[in-house]
Amino acid sequence: MMSEKAQIGVTGLAVMGRNLARNFARHGHTVALHNRSYGRTKELVEEFGHEGKFIPSESAADFVASLERPRRVVIMVKAGGPTDAVIDEFAPLLEPGDMLIDAGNAHYLDTRRREAALKEKGLHFVGAGVSGGEEGALHGPSIMPGGPKESYDALGPLLEDIAAKVDGEPCCVHVGPDGAGHFVKMVHNGIEYADMQLIAEAYDLLRQVGGSSPAEIAGIFQGWNEGRLGSYLIEITAEVLKQVDASTGKPFVDIVLDQAEQKGTGRWTVQAALDLGVPVSGIAESVFARALSGGADVRKAAADAALPGPSPENKHAGDLQADVEQALFASKIVAYAQGFQQIQAASKEYGWAIDPGAMAKIWRAGCIIRAKFLDFIKQAYDKQPELATLLVDEYFLDAVSGAQDAWRRVVATAAQQGIPAPGFASALAYYDGLRAKRLPAALIQGQRDFFGAHTYHRIDKPGSFHTLWAAEGRPEVDA
Ligand code: 6PG
């Protein structure tokens, strides 16, 4: 005898799903609830039933029946096999025009496959990136929905209700068709990896070269958070550095095993970038740095062999703290420039028509990489939607040119003192690569032509050429 129907349903009520469901309910929506085991559903209603209207169901069929049409079903389960299993369970119960929304960290190619398969049944499949962790899911995440535009008309207003807001504007926008939303979320995570690595390198240099304690460095980060580096990741870094381990009285950062783990979205970003031919070296270095840290056997072999380092007396030739801030900002700009270039390349490849400025806009709050300087990224793309790289936008060009001397000093200090700073160093190499009037790529073309007759182009006339390297006088021929 159920009269009221739910506007939206959530299946998969682990912490992220539960918090999303609560967020919808807190915004006045009636929320249908379902979980593989009913215990979780019951728990949610018992603990948080007072927050809004929930319709709990034990079976998938009852859950589907409790939803108004077109039905909106948010899936919040582990990416991969579990998502397919849930889709297989629900798709037969749904009717044309209904929507399945995958809010997990799915691979965008899986999303493309699922969207195409469900389209044949008349169902809308929306791969939606959701960032902000548990707290974001409850209080306002940044949401990156892909899928068919029509589905956004029916779904968007609900998502916009629960999303984080900046000056009243929701951090949620239709990203583009099929896998566009999950692609953008993946790159968001890749940038998150790069950002975290760069911050970690800054900390390492301040500690090892500057001799500052974790608590002192927390203070430095707090100061930076008030300036152009202001961001969630800088803010939480200060909190982590301030933390003291209760059982030993040591800084928390000194009692944690120094092996960074990963669930895979950073690696996916790099894999996709390789296929698209976009040099996301900052993101790649951060994924590799995590892999290096986790390579316990190799690190032990190196420690056992006592791989030699430099003599320790080198000092930094400048104001270390100010220089590291510059290096961090410049390297961060490079990482974001690379990530946005990857989004633009994929948008072209798949015909997604993604608006990069809109992505910067919805990342300004709610998500893990929220930062003050996203406003400038938005402005850069608003001015010039086809911008080839953020580095040529006036604001970023000024920032990087102002930073470059300090940036070079920091990379030099790291190299001289034997402190690994792959993020800073590779970002600088990328910048110098873009700047170079001539690159040694011409020599590589020569080598390829020499050993494999792979041909080359000339700077002074059109066409393809090959040099007969083994022939007398090495004549050049048209290829
Ligand atoms: C987010 C986070 C979230 C998750 C990362 C962690 O945007 O809310 O990115 O998706 O915390 O996937 O990734 P790793 O475990 O790979 O570091």
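Because the structure is predicted, anything quoted here is derived from the model rather than measured. (Residues numbered from 1 in each chain as written. Predicted model: local features only at pLDDT ≥ 70, side-chain atom pairs only at ≥ 80, totals over all residues. Heavy atoms only, no water.)

Colleague: Help me understand the site of the ligand in this model?
Modeller: Near the ligand there are 14 residues, and of these Ser-131, Glu-192, Tyr-193, Lys-263 and Arg-290 occur at the shortest range. Here Ser-131 contributes a side-chain N or O atom positioned 2.4 Å from an oxygen atom of the ligand. Between the ligand and Lys-263, the relevant distance is 2.7 Å, taken from an oxygen atom to a main-chain nitrogen or oxygen of the residue. Protein chains bury 80% of the 420 Å² of accessible surface belonging to the ligand in isolation. With five residues, the single largest contributor to the shell around the ligand is helix α8 (residues 180-208). (Near = heavy atom within 4 Å. Polar contact = N/O pair within 3.5 Å; in protein donor to acceptor, adjacent residues only side chain to side chain. Areas by Shrake-Rupley, 256 points an atom, 1.4 Å probe, with all protein chains shown as cover. Helix = DSSP H or I, 4+ residues; strand = E, 2+ residues; numbered from the N terminus.)

Colleague: Please clarify how the layout of surface pockets should be interpreted in this entry.
Modeller: To find leftover empty space, a probe the size of one water molecule is rolled over the atoms. Roughly 280 Å³ of internal volume is contained in the second largest pocket. In terms of lining residues, the second largest pocket is bounded by 13 residues, among which Gln-344, Ala-345, Lys-348, Pro-385 and Glu-386 are the most central. Broken down by element, the residue count for the lining of the second largest pocket peaks at five residues, all from helix α15 (residues 320-350). (1 Å grid on protein atoms, 1.4 Å probe; cavity = no way out; pocket = protein on both sides within 12 Å on 5 of 7 lines; lining within 4 Å. Points joined across faces, edges and corners; volume = space filled by probe spheres on them.)

Colleague: What exactly am I supposed to notice about the packing of aromatic side chains here?
Modeller: Two measures describe an aromatic ring pair: the distance that separates the ring centres and the angle between the ring planes. Taken as a whole and judged by the stated rule, the model has 17 aromatic pairs. The interplanar angle of 75° and the centroid separation of 5.2 Å between the aromatic rings of Phe-221 and Trp-224 together place this pair among those described as edge-to-face. Here Phe-221 and its partner Trp-224 are both found in helix α9 (residues 214-225), three residues apart, which amounts to about one turn of the helix. Since its relative accessible area comes to 0%, Phe-221 is described here as buried. Pairing Phe-450 with Trp-469 gives two aromatic rings, centres 5.2 Å apart and planes at 45°, and the pair type is tilted. Highlighted residues: Phe-450 in helix α20 (residues 441-452) and Trp-469 in the loop between β10 (465-467) and β11 (476-478), separated in sequence by 19 residues. You can call Trp-469 partly exposed: its relative accessible area is 26%. An aromatic cluster is built from Phe-329, Tyr-336, Phe-373, Phe-376, Tyr-395 and Phe-396, whose rings are joined through pairwise contacts. Taking NZ or CZ as reference, Arg-290 lies 3.6 Å from the ring centre of Tyr-193, over its face. Over the aromatic face of Tyr-232 sits the side chain of Arg-370, whose NZ or CZ is 4.0 Å from the ring centroid. (Phe/Tyr/Trp six-rings, centres within 6.5 Å; stacked < 30°, edge-to-face > 60°. Buried < 20%, exposed > 50% of the residue type's maximum accessible area, 1.4 Å probe, protein only. Lys NZ or Arg CZ within 6 Å of the ring centre and 35° of its normal.)

Colleague: Help me understand the packing of helix α18 (residues 394-417) against helix α19 (residues 422-435), please; the structure alone is not making it clear to me.
Modeller: Between two packed helices, both the angle of their axes relative to each other and the distance between the axes serve to describe the pair. Direction vectors running N to C along α18 and α19 enclose 130°, while the axes themselves pass 10 Å from each other. The angle between the axes of α18 and α19 places the two elements in the oblique class. In terms of crossing hand, the pair formed by α18 and α19 is left-handed. Along the contact surface, α18 presents Val-400, Gln-404, Trp-407, Arg-408, Val-410 and Val-411, while α19 presents Phe-424, Ala-425, Ala-427, Leu-428, Tyr-431, Asp-432 and Arg-435. (Axes fitted to C-alpha atoms, helices over the stretch in contact; angles between N-to-C directions. Parallel < 35°, antiparallel > 145°, perpendicular 65-115°, else oblique. Left-handed = near helix turned anticlockwise from the far one by under 90°. Contact = heavy atoms within 4.5 Å.)

Colleague: Teacher, can you tell me more about empty space enclosed by the protein here?
Modeller: A complete count under the given rule lists one cavity of 30 Å³ or more for this structure. When its volume is computed, the largest cavity comes out at roughly 60 Å³. For the largest cavity, the full set of lining residues is Leu-20, Phe-24, Val-74, Ile-101, Ala-103, Ala-128, Val-130, Ile-143, Leu-159 and Ile-162. Broken down by secondary-structure element, the contributors of at least two residues to the lining of the largest cavity are α1 (15-26), β6 (124-131) and α7 (149-162).

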